[in-house]
Amino acid sequence: MAKAATSDDSAKRRRRWTALLLAPAGLWFLALLVMPLAVVVVFSLGERAPAGGYAPALSLANYLNLPARWTAFRNTLVLAPIGTLVCLLAAYPLAYFLAVRTSPRYRLLLLILVIVPFWTSFLIRTYAWMFILGGRGLPALFEWIGFGEIRLINTPLSVLIGIVYGYLPLMVFPIFVSLERLDKRLLEAAADLGSTPWRSFRQVTLPLSAPGVITGCMLVFILLMGEYLIPQLLGGGKVFFIGNALVDLFLQSRNWPYGSAVAMSLVILMLATVTLYLRLTRRYGGRDVSLL
Amino acid sequence: MRAYAIAIYLFLYAPIALIVLFSFNSGLSASDFRGFSIAWYGKVAGNRFVLEAVTHSLIVAAASATLATLFGTMAALALQRVTGWLRAVFDGLTYVAIMVPGIVIGIATLIALVTAFDIVNDLLLAIWPADDPGAVPQLALGYGSIIAAHTLFSLALVIVLVRARIAGMDRSLVEAATDLYATPWGTFRQVTLPLILPAVVAGFLLSFTFSFDDFVIAFFVAGSKTTLPIYVFASIRRGVTPEINAIGTVVLLVSLLLLFSAQILLRRGAKPTRAT
Amino acid sequence: MDRKQFIQQLRRYQKGSISRRHFLGVTGLGTATAVLASAMPELVWPRAASAAEIGDRVSLTTWPNYHDPANFEAFTAKTGAAVEVAVFGSNEEMLAKLQAGGTGWDVFVPTNYTISTYKDLDLIQPLDLSKLPNYDAAAYETRFVEAGSIDGVTYAVSKDWGTTGYAVNTAKVTEPMTSWKQFWDLSMDKYTGRTMVHDYQLTTIGNALKYYGYSFNSIDTAELAEAEKLLLAAKPHLFAINSDYQPSMRSGDAWMTVCWTGDAKQMHRDLPEIVYVVAKEGGEIWSDFYAIPKEAPHLEAAYALIDFLLDPAVNAKEVLAHGYPTADSRTTALLPKELAEDPIMYPAAELLAPLEFGAAATLTDPNRAEIMARFKSA
């Protein structure tokens, strides 16, 4: 590299190339990320126009009014981590099974089978759960078996089921990737040295899979924080996430400024939690954990 | 452990089985099986709004995935030799683009575009040399806005994927090529590109899948362009008929078909070199 | 015809100075299309030979369970324009979409209390009644159509009218139900988890106000505060907040719901145990209209669709399907006699008397909007 950069001319040309290569992405970020977010910030300081929409103003009233959406924030902040955790608990054994216990012949096929549901519309799959959890689905089955009357649909539980169903594959994949890299001879060595399976798991497998776990959790968590569809379809308008509150503010009560303030708070909350999360997990993930 | 895996697969596939089953329902409802029929597939094939929605979704997904892959790969290549504030800015923007929830991207794009369109459209009305106000071109939400918003998210995704690949790449190969007096373009084509290609392809596929299945961003910025997820959402509100199940089944079949043909192609191409 | 001429013709067609048929004829595209159509009929959408020049589509934004789909098919067969139906849950939501712009809607179905706001915000256009030969103002009952005209200009023509009461599944709910007080009290007590309310401010807040005997349309802060308290207390006991309640009522998930005339009629037709209650304290009486948004992309098709649906013979089929009474005496004359005595469609006079039409002020009142939003996110 040093050799190529000796002459001024080639350095200049290189810089021009770099600028050219970066320009489209930079423009895109500017026009569709920075500017829209700036507009949201401006709007969040305004006030609701008489018939709804935005009217210019300069006040923090919308931010001071944030506690009025406390339940939506709470639901999101409780159900997003729980959903992530349940996804992790459900996905880890499967990823382990696929990476360690399955013969390579079937591994790929089984892995593909985990991802295939992703290619059926998310909406349609969630709709299927509306039926399964609705009165004629599982509850009818339970009643027939003799469990009595159970209501599933439009409860936090049904939203949680929808979350786990929707995002499980996203969790399985990164964990599988990190477990697959694991050298099985390490486990054999540990066993030869008299380690119990549980101990080998804890001391060898688990630390090695940490990057995958951290990545998977972050992916699922990020998506859950902005979730709208699952609570909408499986929560019956009763289990509100911030995403639902946002849609409501923009598409029902037409309070754009307040909606902008809620949106900004969500973004800030998101950046804060994820940055904190990455800090805390850095020592387990080492350098393997990148943004994704 | 095997039993557990089977249970998970059941959990994953029971709803899909249900979707497929009800697509063959002869009854009107998607929740009350009345008998076997393939009539709904005929309905789907004859429904111009479904076909249009599929076309819109395919165009949006192809366009945004192409743009994102192209621009993202370009940026990732450039970023490997950028340091200082520029790099920090790009890292930050990529980070934020991935972190900002889709719903906020949708809302922010909507209000920014609506505000910008108001200004531009008034300007156009004022300066356009035509008497009939109906003949003045006006900006509106549509293809442009959906593709732009989808590209934003996918772009960040591609940058991350390709950069991760570049980071894991053996720099000595590029240096060797330069030492052997390969032109920069030759080095790129014969050394760099093949090395980063898997990440580029993965980025394209992920972007395409994301865009094709996205509801929440399109919900805000689609204007009058109905994409497939928007059509499905509207159908759920209209009262679901097995038509939706038929659409879901067809989408699933097509993606399976693509997947297996890609698999076969890859296997054929990779056979001689694959050792493990 | 050379390229330049073709472009000229295309421009003229785009400007609307020549018709599509003329354009197709002059350019020879018509012949090409005809050949193509005869060779591969399935590739070309069905279009009747006598098709009016209205384009091949029209979009209609309406409410759930509100039309006879067969009528749309008949419209397409007659005109060649397919009807793209979108369903919304509330006027508030329709207004929000129209305010954001770029909807692509041609026809939509606003309720009486919203039309003056649409006009003030310049979101709808005055109707050219000469394009609606089937509309005969004299045939309509005045109180159901007057909201469509402002200062003598007609912005919307009557679709039908109805009441907002509640539906009860009597197989599960055994008490004789007559009032909003009972509705809310039982929802929070014996039938917890079984009641649905609408997903918009007017009726949900309005019927909570009725619990205390206040006006359905109140925008008084103190009264609204009481209504909010009731709503928040009821929230944990509700099955769902959703304006499309038929699926849940039919499946037996929900046993009571705030309900419009026609939905009650449709459910009662299939499941006689589901009955309709117009509460004795009052509540809402309303009328719905057809209107055309300012930016409707297919204006001619919009008029054609409205006119088609106003045809008394077509409208009668609509009424039979959706179960809402119409204000058009010509249509009513075509309906079976027993419908005139139907207690769901035509509640007793003493029940109708206390009902109120929704007030425009409720639509734009920031307080009602925020109370509804707080209720939902609570």
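A quick note: this is a predicted structure, and the numbers were derived from the prediction, not measured.

(A) Layout of the overall build of chain A. Looking only at helices and strands, chain A has 12 helices and 2 strands in total. In chain A, the succession of helices and strands from N to C terminus is α-β-β-α-α-α-α-α-α-α-α-α-α-α. Sorting the 292 residues of chain A into buried and exposed places 46% on the buried side. Partitioning the contacts of chain A with sequence separation of at least 6, the portion at a separation of at least 24 is 73%.

(B) Structural view of the confidence of the model for chain A. Of the residues in chain A, 95% reach a pLDDT of 70 or more, and the chain-wide mean stands at 89. Averaged over each element, pLDDT in chain A is lowest for helix H8 (residues 184-192) of chain A (82) and highest for helix H2 (residues 61-64) of chain A (96).

(C) Quick peek at the interface of chain A and chain C. Taken residue by residue, the interface counts 28 residues in chain A and 30 residues in chain C. Breaking the side of chain A that touches chain C down by element, the ones donating at least two residues are helix H3 (70-101) and helix H11 (242-251) of chain A. In terms of residue count, the dominant contributor to the side of chain A that touches chain C is H11(A) (5 residues). The class makeup of the residues in the side of chain A that touches chain C is 10 nonpolar, 11 polar and 7 charged.

(D) Structural context of the pairing of strand E2 (residues 82-87) of chain C. All names here are of chain C. Here E2 lies mainly inside the structure; 5 of its 6 residues are buried. Inspection of the sheet shows strand E1 (residues 57-62) paired to E2 by 6 bridges, in the parallel sense. By the bridge assignment, Ser59 is partnered in E2 with Glu84. Note that the unit made of E1, helix H4 (residues 69-79) and E2 has a crossover that is right-handed.

(E) How the structure looks around helix H6 (residues 143-167) of chain B. Residue and element names in this part refer to chain B. With 25 residues, H6 extends 35 Å between its outermost C-alpha atoms, agreeing within 8% with the 36 Å of an ideal straight helix rising 1.5 Å per residue. Leu152 marks the point of greatest bend in H6, at about 25°. Summarising burial for H6: 18 of the 25 residues are buried, a large majority.

(F) Layout of the environment of B:Leu161. Residue and element names in this part refer to chain B. Tracing the backbone through its elements, the reader meets Leu161 in helix H6. Taking C-alpha positions, Leu161 is 48 Å from Arg34, a pair spaced 127 residues apart along the chain. Aside from chain neighbours lying at most four places away, what touches Leu161 is Ala199, Ala202 and Gly203.

(G) The domain arrangement of chain B, seen in detail. Per the domain assignment, the segments making up chain B are domain 1 (1-37 + 245-269) and domain 2 (49-238). Between the C-alpha centres of domain 1 of chain B and domain 2 of chain B there is a distance of 30 Å.

(H) Seen up close, the packing of helix H1 (residues 8-44) of chain A against H6(B). Two elements in contact, H1(A) and H6(B), have axes whose closest approach is 10 Å; the angle formed by their N-to-C orientations is 130°. For the element pair H1(A) / H6(B), the angle class is oblique. Crossing of H1(A) against H6(B): the hand is left-handed. In this structure, H1(A) contributes A:Ala25, A:Trp28, A:Leu32 and A:Leu33 to the contact, and H6(B) contributes B:Ala148, B:Ala149, B:Thr151, B:Leu152, B:Leu155 and B:Ile159.

(I) Summary view of the pairing of strand E6 (residues 156-169) of chain C. All names here are of chain C. Counting buried residues along E6, 14 of its 14 residues qualify, which places the element largely inside the surrounding structure. With 8 bridges connecting them, E6 and strand E11 (residues 283-291) associate as antiparallel partners. The residue bridging Thr163 from the neighbouring strand is Ile285, located in E11. Of the pairings in the sheet, the one linking E6 to strand E9 (residues 256-260) comprises 5 bridges and is antiparallel in character. Pairing of Tyr166 across the sheet is with Val258, part of E9. Direction of pairing for E6 relative to strand E10 (residues 274-277): antiparallel, over a ladder of 4 bridges. Bridge pairing in E10 links Asn169 to Ile274.

(J) Region of interest: the interface of chain B and chain A. With 63 residues of chain B in contact, the opposing surface of chain A contributes 59 residues. Taken together, the residues of the side of chain B that touches chain A break down into 49 nonpolar, 11 polar and 3 charged.

(K) Structural detail: the nonpolar core. Counting 252 residues, the largest nonpolar core has A:Ala95 and C:Leu305 as its most contacted members. With 14 residues, H3(A) is the single largest residue contributor to this core. Not counting chain neighbours up to four residues away, the residues in contact with C:Leu305 comprise C:Val58, C:Leu60, C:Phe75, C:Val83 and C:Val107. In this structure, C:Trp286, C:Ala316, C:Val319 and C:Tyr324 belong to the second largest nonpolar core, which totals 9 residues.

What counts and what doesn't
Residues numbered from 1 in each chain as written. Chains lettered and ligands numbered in written order. Predicted model: local features only at pLDDT ≥ 70, side-chain atom pairs only at ≥ 80, totals over all residues. Helix = DSSP H or I, 4+ residues; strand = E, 2+ residues; numbered from the N terminus. Buried ≥ 20, exposed ≤ 12 C-beta atoms within 10 Å, placed from the backbone. Contact = placed C-beta atoms within 7 Å. pLDDT = per-residue confidence, 0-100. Nonpolar A, V, L, I, M, F, W, Y, C, P; charged D, E, K, R; others polar. Pairing = 2+ DSSP bridges. Right-handed = clockwise from strand over helix to strand, strands pointing away. Expected span 1.5 Å × (residues − 1). Bend = angle between axes of the 7 residues up to and from the residue. Domains from an automatic or database assignment. Axes fitted to C-alpha atoms, helices over the stretch in contact; angles between N-to-C directions. Parallel < 35°, antiparallel > 145°, perpendicular 65-115°, else oblique. Left-handed = near helix turned anticlockwise from the far one by under 90°. Core = buried A, V, L, I, M, F, W, Y, C linked by C-beta atoms within 7 Å.

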